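Results of the structural survey
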Amino acid sequence: MFTPNEYGLFSMPTLETPRLTLRRMTMKDAKDVFEYSRDADVARHVLWSAQKDIGEAKDYCRYMTRRYRADEPSSWGIVDKKPGHLVGTIGYMNYDMDNASVEIGYSLAKWLWNGGYMTEALRRVIDYTFDAMDINRIEAQHELDNPASGRVMEKCGMRKEGVLRQRLYNKGKFVDVALYAILKDDARPARRAPAR
């Protein structure tokens, strides 16, 4: 069913939006990764804990570069064009080849919350995924006590499909999550809608 491009299915090419560059991460990004990943508020609703030192950020960058080389589901670094710093990540958490679907996850520096940056990034990744990959369905999920993430998904044309009770074990407890999805057939109207 799938026709990977010449670099592999998860080639992660550089993508542009008006304010952001989405690109592969390198070891040089460790300082920026640590700057936003050490914030407990940023880590609260993701499956990793706030980083305690630059070594953890280096380990993460090293892990991501290994995934790029192996053509495995991985993430782009989100770079804010104005200062030129990496301020978050967005990418593929899971890939289901048999059913032509991927799951997308993301995180963003707290100082950029509520500025439309993640909506901009997610919309670009959705467009790329449907245009360049043989994918029919894109999923994303958020913990119920993080409704702002759901609003990002909705602005990008994703639909809430339900609540999965105690779906994840995170930070010492089982948490309920809301599941959102967008299909290739749904995506065209969402692409025309302006970012908010």
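Everything in this summary refers to the structure shown in the same document. Predicted model, so just to flag it, every value in this text is computed and none were measured.

1. With respect to the environment of E56
- Locating E56 in the fold gives a position in helix α3 (residues 54-69).
- Taking the C-alpha atoms as reference, E56 lies 37 Å from K184; in sequence the two are 128 residues apart.
- Not counting chain neighbours up to four residues away, the residues in contact with E56 comprise A50 and Q51.

2. A word on the nonpolar core
- In this structure, W76, I90, Y92, L122, I138 and M158 are the most contacted members of the largest nonpolar core, which totals 49 residues.
- Examining the composition of this core, we find that eight residues originate from one element, helix α4 (residues 117-132), more than from any other.

3. Side note on the pairing of strand β3 (residues 75-80)
- The element β3 is extensively covered by neighbouring structure, given that six of its six residues are classed as buried.
- Residues of β3 alternate between two faces, with S75, G77 and V79 on one and W76, I78 and D80 on the opposite face, all of them buried.
- The hairpin turn running from β3 into strand β4 (residues 85-96), its antiparallel successor, is four residues long, and G84 in that turn takes a positive phi close to 80°.

4. A few points about the packing of aromatic side chains
- A full pass over the atoms with the stated rule returns five aromatic pairs.
- What links up through ring pairs into an aromatic cluster is the set F10, W76, Y92, Y95 and Y128.
- When the ring centre of Y117 is taken as origin, the NZ or CZ atom of R19, which lies over that ring, is 3.8 Å away.

5. Digging into the pairing of strand β5 (residues 101-108)
- With eight of eight residues buried, β5 lies mostly within the body of the structure.
- A two-sided burial pattern is seen for β5, the buried positions comprising S101, E103, G105 and S107 on one face and V102, I104, Y106 and L108 on the other.
- Where β4 meets β5, eight bridges bridge the pair, whose relative direction is antiparallel. Bridging across to β5, Y92 finds its partner in I104.
- Linking β4 back to β5 in an antiparallel pair, the connection comprises four residues, with A100 at a positive phi of about 55°.

6. Quick look at the sheet that holds strand β7 (residues 159-170)
- Taken together, eight strands build an open sheet; the order of strands is β1-β2-β3-β4-β5-β6-β8-β7 and the sheet is mixed. Taken across any chain shown, the strands that pair with only one partner, and hence form the sheet edges, are β1 (15-16) and β7.
- For strand β6 (residues 137-143) and strand β8 (residues 173-183), the ladder comprises seven bridges, and the chain directions are antiparallel. Within β8, the residue paired with E143 across the bridge is V177.

Cut-off values and rules
Residues numbered from 1 in each chain as written. Predicted model: local features only at pLDDT ≥ 70, side-chain atom pairs only at ≥ 80, totals over all residues. Heavy atoms only, no water. Helix = DSSP H or I, 4+ residues; strand = E, 2+ residues; numbered from the N terminus. Contact = heavy atoms within 4.5 Å. Core = buried A, V, L, I, M, F, W, Y, C linked by side-chain atoms within 4.5 Å. Buried < 20%, exposed > 50% of the residue type's maximum accessible area, 1.4 Å probe, protein only. Pairing = 2+ DSSP bridges. Phe/Tyr/Trp six-rings, centres within 6.5 Å; stacked < 30°, edge-to-face > 60°. Lys NZ or Arg CZ within 6 Å of the ring centre and 35° of its normal.

Keep in mind these values describe shape, not function.
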